[in-house]
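Secondary and tertiary structure notes
Residue strings, one per chain:
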Amino acid sequence: MTNPENILVTGATGTVGRQVVAELLDRGHTVRALTRDPAKAEFPAGVEAVQGDLTDPDSLAAALEGVTGLHLITFGGAYFAPLETGPRILELAREAGVRRVTVLHGGGPSLLEDAVRASDLDWAVIMPVEFMSNVLEWAEGIKTGDEVREPFAGRLSAMVHEGDIGAVAAVALTETGHRGRAYVVTGPEVLTLKDKVDALAEARGRGIELVELTEEEAVAQWRAAGHSQEVIGFLLEAFGNTPAVGRTVVDTVEKVTGRPARSFAEWAADHADIFRSSSHAVSR
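Since this is a predicted model, take the numbers as computed values, not measurements.

**What about the sheet that holds strand β11 (residues 181–185)?**
Spatial ordering of the open sheet is given by β3-β2-β1-β4-β7-β8-β11, a layout of seven strands whose pairing is parallel. In the strand order of this sheet, the two ends are held by β3 (48–51) and β11, each with one partner. The mean inter-strand angle of the sheet, taken between neighbouring strand axes irrespective of direction, is 20°. Judged from the three bridges that link them, strand β1 (residues 6–9) and strand β4 (residues 69–72) form a sheet pairing that is parallel.

**Topic: the nonpolar core**
The nonpolar side chains of soluble globular proteins are, as a tendency, buried together. Leu70 and Leu72 are the most contacted members of the largest nonpolar core, which totals 53 residues. When residues in this core are grouped by element, the largest group, six residues, is from helix α5 (residues 162–174). Core analysis: the second largest hydrophobic core is formed by 20 residues, Ile142, Val148, Ala272 and Phe275 among them.

**Let's talk about empty space enclosed by the protein**
By the definition in use, this model includes two cavities of 30 Å³ or more. Estimates place the volume of the largest cavity at around 50 Å³. In terms of residue count, strand β8 (residues 122–128) provides more of the lining of the largest cavity than any other element does, three residues in total. When grouped by side-chain class, the residues that make up the lining of the largest cavity number four nonpolar, three polar and four charged.

**Regarding the packing of aromatic side chains**
Inspection of every chain in the model, using the stated rule, returns three aromatic pairs. Ring geometry for Trp222 versus Phe239: centroids 6.1 Å apart, planes at 55°, classification tilted. A residue pair is termed long-range when its members are at least 10 positions apart, and Trp222 in helix α7 (residues 215–224) and Phe239 in helix α8 (residues 229–240) qualify at 17 residues. Pair check on accessibility: Trp222 and Phe239 agree, each one buried. Every member of this aromatic cluster is reached through a ring pair, and the members are Phe264, Trp267 and Phe275. Directly above the aromatic system of Phe239 lies the positively charged group of Arg155, at a separation of 3.8 Å from the ring centroid.

**Brief notes about α8**
For α8, with 12 residues, the first-to-last C-alpha span of 16 Å sits near the 16 Å given by 1.5 Å per residue. Every buried residue of α8 is accounted for by Ile232, Leu235 and Phe239. Considered in projection along α8, the buried side chains sweep an arc of 60° and stay on one side of the axis. Seen from the buried face of α8, the exposed residues on the opposite side, beyond 90 degrees, are Gln229, Glu230 and Phe234. Contacts from the buried residues of α8 go to β9 (147–151) and α7.

**Section: the packing of helix α1 (residues 15–26) against α5**
Orientation of α1 relative to α5, taken along the N-to-C sense of each, is 55°, at an axis distance of 8 Å. When the axes of α1 and α5 are compared, the pair comes out oblique. As for the relative orientation of α1 and α5, their crossing is right-handed in sense. Between α1 and α5, the contacting residues are Thr15, Val16, Gln19, Val20, Glu23 and Leu24 on the first element and Glu162, Gly163, Ile165, Gly166, Ala167, Ala169, Ala170, Leu173 and Thr174 on the second.

**A look at the side chain of Thr85**
Mapped onto the secondary structure, Thr85 falls in the loop between β6 (81–82) and α2 (86–96). Here Thr85 falls in the buried class, since its relative accessible area comes to 17%. When neighbours within four sequence positions are excluded, Thr85 is seen to be in contact with Leu54, Thr55 and Pro57.

**Some words on the environment of Asp273**
Mapped onto the fold, Asp273 is located in the segment after α10 (264–270). We classify Asp273 as exposed; its relative accessible area is 60%. Engagement of the side chain of Asp273 in a polar contact is seen with the side chain of Arg276, the distance being 2.2 Å.

Definitions and limits used
Residues numbered from 1 in each chain as written. Predicted model: local features only at pLDDT ≥ 70, side-chain atom pairs only at ≥ 80, totals over all residues. Heavy atoms only, no water. Pairing = 2+ DSSP bridges. Helix = DSSP H or I, 4+ residues; strand = E, 2+ residues; numbered from the N terminus. Axes fitted to C-alpha atoms, helices over the stretch in contact; angles between N-to-C directions. Core = buried A, V, L, I, M, F, W, Y, C linked by side-chain atoms within 4.5 Å. Buried < 20%, exposed > 50% of the residue type's maximum accessible area, 1.4 Å probe, protein only. 1 Å grid on protein atoms, 1.4 Å probe; cavity = no way out; pocket = protein on both sides within 12 Å on 5 of 7 lines; lining within 4 Å. Points joined across faces, edges and corners; volume = space filled by probe spheres on them. Nonpolar A, V, L, I, M, F, W, Y, C, P; charged D, E, K, R; others polar. Phe/Tyr/Trp six-rings, centres within 6.5 Å; stacked < 30°, edge-to-face > 60°. Lys NZ or Arg CZ within 6 Å of the ring centre and 35° of its normal. Expected span 1.5 Å × (residues − 1). Arc of directions from axis to C-beta. Contact = heavy atoms within 4.5 Å. Parallel < 35°, antiparallel > 145°, perpendicular 65-115°, else oblique. Left-handed = near helix turned anticlockwise from the far one by under 90°. Polar contact = N/O pair within 3.5 Å; in protein donor to acceptor, adjacent residues only side chain to side chain.

And the structure:
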């Protein structure tokens, strides 16, 4: 491996952030995990939890001391608002001697990502498509009713394992050759909703019915789940008119990490217990 680096991971308690932390540890690097409340955060042994808030850049000064790489997200604060503090964060990083920065693309333009791209540091933007972990939203319906209720049954997705997103970021943070790259990160195959449901059924050892909702039924379901109108509009567009980038496989994971992207069947097998009801015996 390369020489050990000292990396600060922001968004470290999030779905991707935890994977970046885990991958860096596996690769033998020193990891600091930024969180607003270190006392409540749980990280693997060897991770140094440090306090800081991206909405208050000066709170990062101590956490950045001695850091060579920095992983950033584009939102912050209790309500996950888009960050407007990018220039100051990058200024502090440069003063601290940070050499490499990665930023997790937030799905659209952001001031923080703009600041990263405009910086003179070695930066890479990580642009994942749909996370495999998004299907965790189906867990309750599968456990209680053996069904998935979703609209747009014909939609396609090149969904990606969150661990592979973390791996791409970890490599870009610790190795040369990634400066100025925007990495679209996908899984190894294009899946339909039925493909996903069938993989989960196989993994948990019990059948699952796919119930296709109309748009109106889906909107009512999302509204009942507490989603805002903005989020509902995004879901309708993302699912009803999935852009080509979200349904096209690219080989970024293998090119960057040296190993193939993990399949959804692998993800499902690793998380099968989450979709099993305690009252159902596992049978095939």
